[in-house]
Amino acid sequence: MKSDNMTRAPRSRALLALPLALVLGVLLCGRSTAPGQPPAAKNATAFRQARPILIEKCLACHGPERQRGGLNLNQRATALAGGDSGPALVPGKPLDSLIYQKVAAGKMPPDNPLSPAQVAALKAWIEAGAPYPVAELVAGKKRGGPWWSLQPVRRTPPPSSPHDGLALNPIDRFVFARLAAEGLRPSPPADRLALLRRVTIDLTGLPPTPAEVDAFLADRSPDAYEKVVDRLLTAPAHGERWARHWLDVVRFGESHGYEQNHLRPNAWPYRDYVIRAFNEDRPFDRFVAEQLAGDVLAAGAADVEAATGFLVAGVHDTVGIQTEEGTRQQRATDLDDIVSTVGGAFLGLTAGCARCHDHKFDPIPQKDYYRLAAVFAGVRHAERPLSSGGQAGGAAEAARRLRVVRVQLADLLAEGRAAVLKARGVASVMRPPLNVRRNVEDFAAVKARFVRLTILATQDGAEPCIDELEVYGSDRARNLALASAGARASASSLLPGYAIHQVGHLNDGKYGNSWSWISRERGRGWAQIELSASAEVSRVVWARDAEGEQPRFSDRLASRYRVEVSLDGESWRTVATDADREKGMDPGVGDKALRDALTPAQRRRHADLLAERARLVQVATPPTPTSAYIGRFTRPDPIFLLKRGDVMQRGEAATPAGLSGVPKLSGELDIDAKLGEPGRRLALARWITSPGNPLTARVLVNRLWQHHFGEGIVGTPSDFGRAGVEPSHPELLDWLAAEFMEGGWRLKRLHRLLVTSATYRQSSAATAAGLKRDAGNRLLWRMPLRRLEAEAVRDAILAVSGKLDRGMGGPGFRLFKYRVVNVAIYEPLDEHGPETWRRAVYRQSARAIRENLLANFDCPECAQQAPRREVTTTPLQALSLLNGPFTLQQAGFFAARLEREAGADAAAQVERAFRLAFGRSPSDRERGAAVALVRGRGLAALCRVLLNANEFLYY
C-alpha cells in the first residue's frame, strides 16, 4: 500500500505479533519519536499523481480555454460546480463522481482512454477529497506574461513579522512572515540531540557517533552548533551523501537497460567525479560545464574528464537493428534521453515533451527540442580512454581524504599534548615546538593572492626542505594552494641534481621526502604560492616530511621563519612567525605519552584514523583506469525536425541552440567553431549558467531545500513549468537563487545557510493550531520528521554494527550474481560479505534489479530520473528489517561489538547499544525491558529490535 501518511503505529503493532511481543512493545512504541504524518501529506501525493493526468488528458476540452459540456476542471470550484451533466466530482466518492465513471468506462478521453494506472491515480485523488493545493492546474492564456519561473530572478528584501526576534538569518524572516500572515507561529527549537542527529544525517547520511554526541552536548559555546555544521561540511561523507541525490536526478546506472541489460563495468568514474565535486565544493556553474564538456575544459585531467559520464548515464539499447528505421529510432531515443535529462536536471523543464509537437504548456516549440538535440549530435554511448595526467576515481578522492585524516590526527594529538602539559602543571601559552610532520600557522583572515614562507634558519644549518605548503580559508578541507586548484608554486632557489626535489612538489598534493623542495641556500630560502585568484586566507600548513607513521627524515627543518601574504606580490604583510613557539623539536605523533593522555574515546578515534590513513596511502596512488564509460565524441550527425516525432519523416535541418522561450535571454549559442564538436556542448553549458538564465539557480536551490526540509519550495523539482506546482514561498526562492549566484555558485555556503536557520532548527512536534491551519506543514511551522532513505538505512545499520567500510571510490560492489547468456541474468546474493559493507552509494546499480532491503524502502529504479523519492509504508519493510538476511547478519555483528566494548554485563551492553543506535541512554523502563530481553533471548535479539525501532529509522 503506497502512502505518504501512514502512521508508524500499525507497523509497530505488526511487530508486536512476533514472539518478542512485550519487550518489542516497550522498545518500539514506548519511545517512538515518529508520529504519523497528517492526512494532508496523503492528499499532496494524490494530487501530484493526478495533476499531470488532468492537465494532459482533460484540460484540452475542459480547461481555461475550452469548456466542452460547460465543464471546467482547471479550478476546484468550477470542477465541483460541474457542467451541463451536473457535478463532475463528489469528493471522497469516486464511484459517485461523473469524471471517474467516464474514465473507468473508457469513454473519456474519447479515442484515447486512460491506462489502468492512470484510472487508479484519479480514483485515489478523488478518495483523498479531490484536493487542489494550487489555485489553478494551469494558468490560462488570458493572464498573459511569462510564466513565473521564466521571469528574471528578483532579490526581494526579507519581510518583517512579529517573530523576527526568533530569526537567525534571512530565511527565517521569509518563512515567519508567511506563518504570521496565516495566523501561525514557528515551533520552539528542537532539543540538542535531535538537532545533532538531524543535521548529521542530512549532511553526511550517517547517524552521529556517541563521541560526537558527547562532544556536542558538552560544548556550551554560542557557536557549538555552527562548529558541528562546519565539521560535517568538510567530512568526506558529505560528498557521498549529496552525490546520491544528484545521481537520482541524472538517472545514473551501471547497466545498459533494455532487453540485454549488460553491465557497464567502467561507469563508476562518473560517480566518483560527483562525490569529489561535492566534497571540493566545486562551483555549480563549473559543475554544469564539466558534465557537458569536461573533455574540452580539462583535457588531460582524468578526474574531470570523467564528468561527461553525465551525458551517457541513461539507458542504451545494445541490440543491433538491421533496418534503417530501427537504427534511426535507437539514435533518436539516445538523444531524447540526453535532452530530457539536461532539461530536467539543470533547467527544471520537461523539454522532452516537445519531441513530437510543440510543448502543450510551456514555451518550448518542437524546433527548440531538435536544436537542443543538435548540441549533442556528436555524443555516442561508449567507453573512452582516460588521460593519464591526473588521478581519477578513488585515487583522487583517497588523496583528498588522506589530507583530511592527517589534519584530524594532528588535532587529536594536540589535545593529548595539552593534557600532558596540564598533568605536569605546565601552563605554557606558547605554541607547540616545530614538528617535521606538520606545522600550523593560524592568523586573522586576510585577503591575499600570494603566500610566502620565508625561512631564516634551520635546526641543523642545512638547506631547508619543505614537503608541502598548504593554504586554507574558512573551509579547512579545501587547500587553495594545490596546483590542481590553479595555484602556482615558486621559490628563491632549488638545490640542483635531485629529481625528487622540485619546486612543483610544494603544491602537488603528495607527501613525503620524495615529493619535496630543497633550497640551494644553507639555512635560508623562501617558498611561495600564487593562488588562482585573491581569496580570504587564515591558515598556512607546512611540513618537512609528512609521510608514514613516523617521519623518515628530521633534518633540514626550519627553526626560524615568517609567513607573509600579499595581494600584488610587491607589498608584503607578516601574519605569523616562530616567535611564539616553544623552542626545540616536537617528538611528533609517535610519542606514546601523547596517545596515553587521550581519553578512551579519543584513543579509539586515533586508532581508527591511523588505520584509515594506512589504507588511504595505498589507495591514493593506484594506476589510473585506462578507460571509462563517459561517452565517445564524433563528428555530429545532421539533425532534422521530425514530423510528429517520426524518424522517417524528416523536416527542416536543426542547428544547435538553447531554448527560445526564456525572456531576455536569446536561445542562440555563442559556439567557438575552433573547438569543433565540443564547442556546441560548452556553449550550451555557458547558456545554462548565464546570469540571465532565471531557471538554473532556482532549480538547484530548490533541490537543496527539498532534501533539507522534506519538500521543495516547488514541489515538482524537475518541472518548473505550467504542469508543475507553483512555489510556496516565491520570494524566498528568488532570494536564495540570487544569494547562491552572488556567492559564487558555492553549494556548501548554501547548505550552511539552510541548516543554521531557525526554521531548520525547529522541533518536529505537532500542535493543534498548526494541524488545523496547515496540516501538510507546507508553511513550515514545524520541522518535518523524515524517514531515512533506503541507502541511509543500510549505511546506518553498518555504522552501528561497526562493519561500515569507509573506503571511498573505485569500482562498486555487487549485491547480485551476474552472468550473461546473450542477455544479462542477475540473481540475488546468498550472503553479504565484507566486500559489500561499503556505503550504498558505491553499490553497482544495475537497472531493473531489486535488492530487497533497498527496494522495499523505495530506492528508485535507475532507468528514469528520480528528482523526488516517494515514501511508502508497507509490511515488507518490517519483514526485511526484522528477518532479512542482511539485518540478521548485522545484528549479530552489532551484538559482538557490544560484547567487545561493554564487556559481559547486560546493563552495560544495553547502555552502549542505546548510545550507538539512538545517541542516548535508555530510560529506566527501557533498560529493564532490554536487560530482560538480553538475558532471556540473547544480545542479538536486542540488536534486531533497535535496528527496527522508529527512533532509528526516522530523524
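Residues numbered from 1 in each chain as written. Predicted model: local features only at pLDDT ≥ 70, side-chain atom pairs only at ≥ 80, totals over all residues. Heavy atoms only, no water.

**Student:** What's the story with the overall build of the protein in this structure? I'm lost.
**Tutor:** The secondary structure content of the protein amounts to 32 helices and 16 strands. Put simply, the protein has 955 residues, and 57% of those count as buried. A fraction of 73% describes how many contacts in the protein between residues 6 or more apart in sequence connect residues 24 or more apart. When the accessible surface of the protein is totalled, it reaches about 38300 Å², and 54% of it is carbon and sulfur. (Helix = DSSP H or I, 4+ residues; strand = E, 2+ residues; numbered from the N terminus. Buried < 20%, exposed > 50% of the residue type's maximum accessible area, 1.4 Å probe, protein only. Contact = heavy atoms within 4.5 Å. Areas by Shrake-Rupley, 256 points an atom, 1.4 Å probe, with all protein chains shown as cover.)

**Student:** Looking at this structure, I do not really get the nonpolar core. What am I missing?
**Tutor:** In a soluble, globular protein the nonpolar side chains are often hidden away together inside. Grouped together as the largest cluster of nonpolar side chains are 169 residues, with contacts concentrated most on Trp246, Leu292, Phe346, Phe376, Trp705 and Leu736. With eight residues, helix α15 (residues 324-347) is the single largest residue contributor to this core. Once residues within four sequence positions are removed from consideration, Trp246 is found in contact with Tyr270, Val274, Phe278, Phe284, Phe287, Gln291, Ala345, Phe346 and Arg703. (Core = buried A, V, L, I, M, F, W, Y, C linked by side-chain atoms within 4.5 Å.)

**Student:** Sorry, what's going on with helix α30 (residues 924-937) here?
**Tutor:** The α-helix winds at 3.6 residues per turn, so residues separated by three or four positions along the chain end up facing the same way. Taking 1.5 Å per residue, 14 residues should reach 20 Å; α30 reaches 20 Å between its end C-alpha atoms and fits that length. Within α30, the full set of buried residues consists of Glu926, Ala929, Ala930, Val931, Leu933 and Val934. Where α30 terminates, the next one or two residues include Gly938, which has phi positive at roughly 100 degrees. (Expected span 1.5 Å × (residues − 1).)

**Student:** Looking at this structure, I do not really get the packing of aromatic side chains. What am I missing?
**Tutor:** Given two aromatic rings, their pairing is described by the distance between the two centres and the angle made by the two planes. In this structure the tally under the stated criterion is 23 aromatic pairs. Measuring from centroid to centroid gives 5.9 Å for Tyr273 and Phe287, while their planes differ by 10 degrees, and the two rings are stacked. Highlighted residues: Tyr273 in helix α12 (residues 268-279) and Phe287 in helix α13 (residues 284-297), separated in sequence by 14 residues. A residue is classified by how much of its surface remains accessible, and Phe287, at 2% relative accessible area, is buried. Ring plane angle 50 degrees and centroid distance 6.3 Å describe the contact between Phe284 and Phe740, whose orientation is recorded as tilted. (Phe/Tyr/Trp six-rings, centres within 6.5 Å; stacked < 30°, edge-to-face > 60°.)

**Student:** So what exactly am I meant to see when it comes to helix α11 (residues 236-249) here?
**Tutor:** Here α11 spans 21 Å end to end across 14 residues, near enough to the 20 Å set by a 1.5 Å rise per residue. Counted residue by residue, α11 has 14 buried out of 14 residues, so it is predominantly covered. One or two positions beyond α11, positive phi appears at Arg251, with a value near 55 degrees.

**Student:** Where do I start with the pairing of strand β3 (residues 439-458) in this structure?
**Tutor:** Taken residue by residue, a regular strand's side chains alternate between the two faces of the sheet. The buried count for β3 comes to 14 of 20 residues, which makes it a mostly enclosed element. Relative to strand β8 (residues 525-542), β3 runs antiparallel, the two being bridged by 13 bridges. Bridge pairing in β8 links Phe450 to Glu530. As judged from the eight bridges shared by β3 and strand β9 (residues 558-566), these two strands associate in the antiparallel manner. Paired with Leu453 across the two strands is Val563, which belongs to β9. (Pairing = 2+ DSSP bridges.)

**Student:** What's the story with empty space enclosed by the protein in this structure? I'm lost.
**Tutor:** The probe, sized like a water molecule, is rolled over the atoms to show the empty space still left. Following the criterion strictly, the structure yields five cavities of 30 Å³ or more and no others. Size it by volume and the second largest cavity reaches roughly 120 Å³. Lining the second largest cavity, in full, are Trp242, His245, Trp246, Val249, Phe278, Phe284, Leu700, Arg703, Leu704, His707, Leu747 and His751. Going through the elements one at a time, α11, α21 (696-709) and α23 (747-755) are the ones with two or more residues in the lining of the second largest cavity. Its residues assigned to classes, the lining of the second largest cavity shows eight nonpolar, three polar and one charged. (1 Å grid on protein atoms, 1.4 Å probe; cavity = no way out; pocket = protein on both sides within 12 Å on 5 of 7 lines; lining within 4 Å. Points joined across faces, edges and corners; volume = space filled by probe spheres on them. Nonpolar A, V, L, I, M, F, W, Y, C, P; charged D, E, K, R; others polar.)

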